[in-house]
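# A closer look at the structure
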Amino acid sequence: MSETLLKVEALEKFFPVKAGIFKRTKGYVKAVNDVSFEVKAKETLSLVGESGCGKSTLGRSILRILEPTGGKVLFNDKNILDYSKQDLRKMRRDMQLVFQDPYSSLNPRMTVRELVSEPLYTHFSISKMEADQRVDEILEKVGLPLEHSKRYPHQFSGGQRQRISIARALVLKPKLVVADEPVSALDVSIQAQILKLLVDLQEEFDLTYLFISHDLNVVKHISDRVGVMYLGKIMELADTEALYEEPLHPYTKALLSAVPTSDPLVKKERIILKGDVPSPTDPPSGCPFHQRCPLAEEKCQNVLPEFVQVRPKHWVACHLVEQ
Amino acid sequence: MAPILQIKDLQIDVKMDEEVLNVVKNINLEIGKREIYGIVGESGSGKSLTSLAIMGLLASPPLQVSKGEIFFEEDKDLLKLSSRELRKIRGNKISMIFQEPMSALDPLFTIEDQLMESLKFHTKLSKKEMKRACVKIIEKVGIPRPEQIMKEYPHQLSGGMRQRIMIAIAMLCNPKLLIADEPTTALDVTIQAQILDLMKELRDDFETSILMITHDLGVIAETCQRVAVMYAGEIVEETDVVSLFHRPKHPYTKGLLKSMVGDRSDALYSIPGKVPSVEQMPKGCRFVTRCPEAMDICEKVSPDDLEVADNHRCKCWLYQKEMANHV
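Per-chain numbering applies: the sequence of each chain, read as written, is numbered from 1 onward. Written order decides the labels, with chains lettered from A and ligands numbered from 1. For a predicted model such as this one, the threshold for reporting local features is a pLDDT of at least 70, and the threshold for listing and counting side-chain atom pairs is 80 or more; totals across whole chains, interfaces and linings nevertheless cover every residue. Side-chain figures throughout are based on the complete set of non-hydrogen atoms in the structure, without hydrogens or water.

## Notes on the interface of chain A and chain B
Accessible area lost on assembly of the parts is the figure often given for the size of an interface. With 33 residues of chain A at the contact, the number on the chain B side is 38 residues. We define buried area as the total accessible area lost by two parts upon association, computed with a 1.4 Å probe and summed across both. Where chain A abuts chain B, roughly 3,200 Å² becomes buried across the two surfaces, and 55% of that area is made up of carbon and sulfur atoms. In terms of surface lost to chain B, no three residues of chain A exceed A:His221, A:Ser262 and A:Pro264, which account for 19% of the buried area on that side. Any Lys or Arg side-chain nitrogen located within 4 Å of an Asp or Glu carboxyl oxygen qualifies as a salt bridge. Connecting chain A to chain B are one salt bridge. A salt bridge links A:Arg270 to B:Glu222; the shortest N-O distance between them is 3.0 Å. As used in this structure description, the phrase polar contact means that two N or O atoms lie within 3.5 Å; if the pair is within protein, one of them must be able to donate a hydrogen and the other to accept it, and residues adjacent in sequence are counted only when both atoms belong to side chains. Where chain A packs against chain B, one counts seven residue pairs in polar contact (both at pLDDT 80 or more). The contact rule is simple, with two residues in contact once any of their heavy atoms fall within 4.5 Å.

Here it is, written out as structure tokens:
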């Protein structure tokens, strides 16, 4: 479990904001701002955060679906940001993505078999027979009956479609799977089915997951470690248990307290945050969270806190947390 | 205490070319004054259709209420009112907020226009008085700088702000009943906590009853006093919130509670299969295809909606058999 599969160093993704008739760059949306972390082989690292915190952009930048504007992404110790297009394509066999919305991410004109075999033909020169065999294998693994392989996506429910997306990603036998909100569009009873499937497949294929979600409950269940993002930065990163039992950052505390209880008799101590997430075009000075932070001090307004290790395997970016 | 809203034996059908298919059946519920009543169910369970039927907003045809009564304030059967009478109640005594605040607000009008619209229709206030009422309600829903916000357009506001505006519009005429259809589903958790808090506060200040429609059992546990669990167009269990979470009776409710990911047990539980489609509704109990405790009788005959404990109704053969044995 100690081998590092993916290492992200000071990754940045800035989108230029253009204005005026000459479309001059007026400023930048700092969607991902100086983010560093490591993912070990066969572990599940989750990134949580509210909408607009940059978690999806981060996931896409790592796979170079969006071209990062700075930093390094080391996959098996090689910086994939230096790769040429051809090399990158080869690399992508090992890194696959599962999308949130199983309704828009599958081509409605292709059958299940075509959808799932497409990545095989793209990445390997493979005979039809061989491809068919691999498709059959993976469909069985994700729990889709073989007789459904001639059907089209619209004939399936949301949960079934997500199984197709997962089959599409896993048919290449990747090492790393970036799952971007894979269960958010599904009903509660179906969510659990898909999560269970992801956990089972991880064991079977020795997968490493980078799991992106806004739902703290989902993440708690399947992650080894969890990172909390806010305005393009990771605020806290720790083992799942440590993060949920002893959160250190005020934002993590507020986020956890806002999750509805599953028991009407338990009344939670609730930290209600004021206001909304500030716009990433014009992030606050100092700590990005200081305007909404119930504990903010003067220092927080001016000085950006560093992301430091305060306990074994526990990193926080906050002035108020003592080392 | 007399209920604000009473639904009796409501049935909604959808008329296809040749056949008539049933989508909602045997809905019975009562909402008391100042009560927050929850309806929980997965997508396609008929919870939104039920709320639209109360408002008289069902797309008819093809949908139609084929049976039942909906009494508002004891004596008025909403289903028998003319559309004119209904318009007087809608947005005034009963109002509604929706899941997606962006599509519920008109992008071409300022917040002020949209707030004034319902006041113009339902009250005889002067323009000045109306404006004052708007400012007051915007402050009430926790938005700073009300005068400035009123001049803005919906796209200039964040999701949480828009939902606050929706709530402000709904609360303007001081309704007796507020129907909230997935009010926080499109929002982030920290914003969801703000909005749920606000709704509880408004319930206390305005003495409004709230019908909370959601798929999220967490939202139910946070806010509601009584809950109805819907599955495939029927209420399968109905009771107070504590009994539902601590002494659930129906296998579907039990499954739903167990599959709530999060603080409970470690192993992930999931209900196998999926909700049957309208065309393939089982003949007996509608949950029979996914039920871990299904018996022969469940496939053939639909169980009755029975009181299985004090104030606790459940529609399941497991408890009916028990009853039969007792007699």
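## Some remarks on the nonpolar core
As used here, the term nonpolar core means buried Ala, Val, Leu, Ile, Met, Phe, Trp, Tyr and Cys residues forming a set that is joined through side-chain atoms within 4.5 Å. Under the scheme applied here, a residue whose accessible area is under 20% of the maximum for its type counts as buried, over 50% as exposed, and between as partly exposed, the area being computed with a 1.4 Å probe on protein chains only. Counting 62 residues, the largest nonpolar core has A:Val116, A:Ile164, A:Ile166, A:Leu201, A:Phe211 and A:Phe289 as its most contacted members. Broken down by element, this core gets its largest block of residues, six residues, from helix H6 (residues 188–205) of chain A. Discounting residues that sit within four places of it in the chain, A:Ile164 has contacts with A:Leu106, A:Val112, A:Leu115, A:Val116, A:Leu144 and A:Phe156. Of all hydrophobic cores here, the second largest spans 60 residues; its members include B:Met150, B:Leu172, B:Cys173 and B:Met199. We count a stretch as a helix when DSSP gives it H or I for four or more residues in a row; a strand needs E for two or more, and each element gets its number in order from the N terminus.

## Regarding the pairing of strand E6 (residues 94–97) of chain B
All names here are of chain B. Residues Ile94 and Met96 line one face of E6 and the alternating positions Ser95 and Ile97 line the opposite face, and both faces are buried. Note that E6 and strand E7 (residues 177–181) share four bridges and pair parallel. Its bridge partner being in E7, Ile97 is matched across the sheet by Ala180. Here the rule is simple: two strands pair whenever DSSP picks up at least two bridges between them.

## Let's talk about the pairing of strand E11 (residues 306–309) of chain B
All names here are of chain B. Sheet topology note: the E11/strand E12 (residues 312–314) ladder contains three bridges and is antiparallel. Across the sheet, the residue bridging to Glu307 is Arg313, located in E12. Here E11 folds back onto E12, and the loop between the two strands holds two residues, one of which, Asn311, carries a positive phi near 55 degrees.

## Thoughts on helix H11 (residues 251–258) of chain B
Most of H11(B) is tucked away, with six of its eight residues classed as buried. All of the buried residues in H11(B) are B:Pro251, B:Tyr252, B:Thr253, B:Gly255, B:Leu256 and B:Leu257.

## A closer look at the UniProt feature "domain: ABC transporter" (unreviewed entry) in chain B
UniProt positions are given in the numbering used here, feature names are shortened, and annotations may be inferred rather than shown by experiment. As annotated by UniProt and renumbered to match this structure, "domain: ABC transporter" (unreviewed entry) occupies residues 5–257 of chain B. A helix fraction of 40% and a strand fraction of 27% characterise residues 5–257 of chain B, whose end C-alpha atoms lie 28 Å from each other.

## Comments concerning the environment of A:Leu170
Residues and elements named next belong to chain A. Along the chain, the position of Leu170 falls in helix H5 (residues 158–170). Assessed through its relative accessible area of 4%, Leu170 is described here as buried. In contact with Leu170, other than residues within four places in its own chain, are Ile138, Val177, Leu201, Phe205 and Leu207.

## Some thoughts on the sheet that holds strand E3 (residues 36–40) of chain B
All names here are of chain B. Taken together, the eight strands give an open sheet; going across it, the order is E6-E7-E8-E3-E9-E10-E12-E11, and neighbouring strands pair in mixed fashion. At either end of the open sheet lies a strand with only one pairing partner, and these are E6 and E11. Direction aside, the axes of adjacent strands within the sheet are offset by 20 degrees on average. Contacts between helix H7 (residues 159–171) and the sheet are confined to E6 and E7, with E6 contributing the most and set at about 175 degrees to the helix. In this analysis, axes come from line fits to C-alpha atoms, helices being fitted only over the stretch in contact, and the angle between any two N-to-C directions falls in the range 0 to 180 degrees.

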